[in-house]
Amino acid sequence: MAKTIFLVDDSATILLSVSSILGKAGFTVEKASNADEALRKFKAGVKVDLLITDLNMPGMNGIELIKQVRTLAAYRFLPILFLTTESQQSRKLEAKAAGASGWIVKPATADDLLNTIKLVIR
């Protein structure tokens, strides 16, 4: 069965390009254009194998989203990747502390993206 990846990014371009890459690789893609929309879907019990979220979004940011998702029992062990333009170590540590499993710096190639995904979902 195809794995489902939940993609959260306020950039329509990123949502389109990344979901195209994931779709071609055989993944099912669930999308949200902000963290609040994503959190509503999580609270409604969306079934996903991986969350990929942007860091900087209007309203709730990616780190806050991860903290919220981690409080929901069903998603306590869900692999979560950050997809962001930021590469500072302090941000990576903050993301890891919030519960992120890994980090992808934009712009990522399709290979980088898929290889990182393969490391976190089996």
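From a predicted model like this one, the values you see are computed outputs, not experimental measurements.

Here's the deal with helix H5 (residues 110–120)
Of the residues making up H5, those classed as buried are Leu113, Leu114, Thr116 and Ile117. Along the axis of H5, the buried residues cluster in a sector spanning 160°; they form a single face. Those residues of H5 that are exposed and aimed more than 90 degrees away from the buried face are Asp111, Lys118 and Leu119. Buried residues belonging to H5 abut strand E1 (4–8), helix H1 (12–24), strand E3 (50–53), strand E4 (80–84) and strand E5 (102–105).

Things to note about the pattern of salt bridges
With the rule as written, the count across this model stands at six salt bridges. Residues joined in a network through salt bridges with shared partners are Asp9, Asp54 and Lys106.

Remarks on the pairing of E1
In terms of burial, E1 is a largely internal element, five of the five residues being buried. Alignment of E1 against strand E2 (residues 28–32), held across five bridges, turns out to be parallel. Across the sheet, leucine 7 pairs through a bridge with lysine 31, a residue of E2. This β-α-β element, E1 to H1 to E2, shows right-handed connectivity. Bridge analysis of E1 against E3 gives four bridges, and the strand direction is parallel. Residue valine 8 lies in a different strand from E3, and its bridge partner there is threonine 53.

As for unusual backbone geometry
Between lysine 106 and proline 107 the backbone carries a cis peptide bond, its omega angle lying at -5°. Take proline 107: it is sitting in the loop between E5 and H5.

Quick look at the nonpolar core
Residues Phe6, Phe42, Leu51, Leu65 and Val69 are the most contacted members of the largest nonpolar core, which totals 26 residues. Among the secondary structure elements, those contributing two or more residues to this core are E1, helix H2 (35–43), helix H3 (62–70), E4 and helix H4 (89–98). Not counting chain neighbours up to four residues away, the residues in contact with valine 69 comprise Leu39, Phe42, Leu51, Tyr75, Leu78 and Ile80. In this structure, Ile5, Ile14, Ile52 and Leu114 belong to the second largest nonpolar core, which totals 16 residues.

What counts and what doesn't
Residues numbered from 1 in each chain as written. Predicted model: local features only at pLDDT ≥ 70, side-chain atom pairs only at ≥ 80, totals over all residues. Heavy atoms only, no water. Buried < 20%, exposed > 50% of the residue type's maximum accessible area, 1.4 Å probe, protein only. Helix = DSSP H or I, 4+ residues; strand = E, 2+ residues; numbered from the N terminus. Arc of directions from axis to C-beta. Contact = heavy atoms within 4.5 Å. Salt bridge = Lys/Arg side-chain N within 4 Å of Asp/Glu carboxyl O. Pairing = 2+ DSSP bridges. Right-handed = clockwise from strand over helix to strand, strands pointing away. Core = buried A, V, L, I, M, F, W, Y, C linked by side-chain atoms within 4.5 Å.

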